[in-house]
Amino acid sequence: MVCRMFRIETEVDKERRDLLRTRLMETNTAASPVLRALRGTPAEREVPLQVWALDAVGELAGGLAGHTWAAWLHVDYLWVDGRRRGAGLGSRLLAEAERMAREERGCTAARLETWDFQAPEFYKKQGYDVVCVIPDYPPGITEYTLTKRFGRPGAPPPTEPPGTPGAP
C-alpha cells in the first residue's frame, strides 16, 4: 500500500533541484532509446556558441548567444544596437551562428523563441518556420517558437521551384 502522507515544501533548494534534474534525466534515458544513444557522446553536452559584432572602437554593435545540443543550434539571444538595425547585421550574426553550428558542430537544425514585438517576421525571412504560438505569455504578449532545418553540409542551396521569380 502506498502512503498518502507527504510533506510539501516550497523553499528554493539547489541540491534538491540538481537531484531532481538527475533523476529526470535517468528516467528519460530509460524511457527513450534516442536519449540512451545520446548519453556519453559529445552531442550530449550543451556547448556555448557566441558571435559578436564590434564597431571600429570595439563597442558591442550586436551579438548572438546560444548553444548547441544534440545536433541542434538553440539561439538564446540575438540583439543589434538600434543605431545599426536595418543594415543586415542581425542576418549576418544569425548566418554565422548557423554556419558554425552546421559546419563545425554537425547541427542539422536550429530553434529559438521570440515575442510578437521582437522579431518573428525577421526569423521567417531567414527561413525559420513557426512551430508553436503561445498567446498571453506573458499576459498581453505572444511568444513564438521557430525552427529551421539545415541542408546537409556541403550540399548546394535549395533551388526555387519553376515559375518562382528569380528561378531559372
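Residues numbered from 1 in each chain as written. Predicted model: local features only at pLDDT ≥ 70, side-chain atom pairs only at ≥ 80, totals over all residues. Heavy atoms only, no water.

**Q** If you had to explain helix α3 (residues 89–105) to someone new, which residues and values would you point to?
**A** Compared with an ideal rise of 1.5 Å per residue, which puts 17 residues at 24 Å, α3 spans 23 Å between its outermost C-alpha atoms and is within 8% of the ideal. Where α3 is buried, its residues meet β1 (47–54), β2 (60–69), β3 (72–80), α4 (120–125) and β6 (143–149). (Helix = DSSP H or I, 4+ residues; strand = E, 2+ residues; numbered from the N terminus. Expected span 1.5 Å × (residues − 1). Contact = heavy atoms within 4.5 Å.)

**Q** An account of the sheet that holds strand β4 (residues 109–115) is needed here, citing residue identities and associated values.
**A** Backbone hydrogen bonds are what pair the strands of a sheet, in a parallel or an antiparallel way. Ordered in space as β1-β2-β3-β4-β6-β5, the six strands form an open sheet in which the pairing is mixed. The open sheet has two free edges, formed respectively by β1 and β5 (129–134), since each of these has just one partner strand. In this sheet, neighbouring strand axes are inclined to one another by 20° on average, regardless of whether the strands run parallel or antiparallel. Sheet analysis places β1 next to β2, joined by eight bridges and oriented antiparallel. Note on β2: the bridge partner recorded for Val51 is Leu64. Across the face of the sheet, α3 comes into contact with β1, β2, β3 and β6 while running at roughly 145° to β1. (Pairing = 2+ DSSP bridges. Axes fitted to C-alpha atoms, helices over the stretch in contact; angles between N-to-C directions.)

**Q** How would you sum up the pairing of β4? Please name residues and give values.
**A** Note that β3 and β4 share four bridges and pair parallel. Looking at the pairing, His74 lines up with Arg111 of β4. With respect to chirality, the unit in which β3 leads through α3 into the neighbouring parallel β4 is right-handed. Here β4 pairs with β6 via seven bridges, running antiparallel. Within the sheet, the bridge partner assigned to Leu112 lies in β6 and is Leu146. (Right-handed = clockwise from strand over helix to strand, strands pointing away.)

**Q** Residue-level account of the nonpolar core, with values.
**A** By size, the foremost hydrophobic cluster in this structure holds 23 residues, and its most contacted members are Leu49, Val51, Leu64, Leu73, Tyr123 and Tyr128. At the level of elements, β1, β2, β3, α3, β4 and β6 are the ones that each hand at least two residues to this core. In terms of residues, this core owes the most to one element, α3, which gives six residues. (Core = buried A, V, L, I, M, F, W, Y, C linked by side-chain atoms within 4.5 Å. Buried < 20%, exposed > 50% of the residue type's maximum accessible area, 1.4 Å probe, protein only.)

**Q** Can you explain the confidence of the model for the protein chain? Please cite residues and give values.
**A** Predicted confidence across the protein chain gives a mean pLDDT of 90, with 88% of residues reaching 70 or more. The low-confidence segment residues 155–168, where pLDDT is below 50, has two contacts with residues more than four positions distant or belonging to other chains. (pLDDT = per-residue confidence, 0-100.)

**Q** Any details on the packing of aromatic side chains? Residues and values, ideally.
**A** Tallied over the entire structure, the rule returns three aromatic pairs. When the ring of Tyr123 is compared with that of Tyr128, the centres are 5.9 Å apart and the planes differ by 70°; the resulting orientation is edge-to-face. Given a relative accessible area of 6%, Tyr123 falls into the buried group. On the basis of relative accessible area, Tyr128 is assigned to the buried category, the value being 2%. Pairwise contacts between aromatic rings join Phe122, Tyr123 and Tyr128 into one cluster. (Phe/Tyr/Trp six-rings, centres within 6.5 Å; stacked < 30°, edge-to-face > 60°.)

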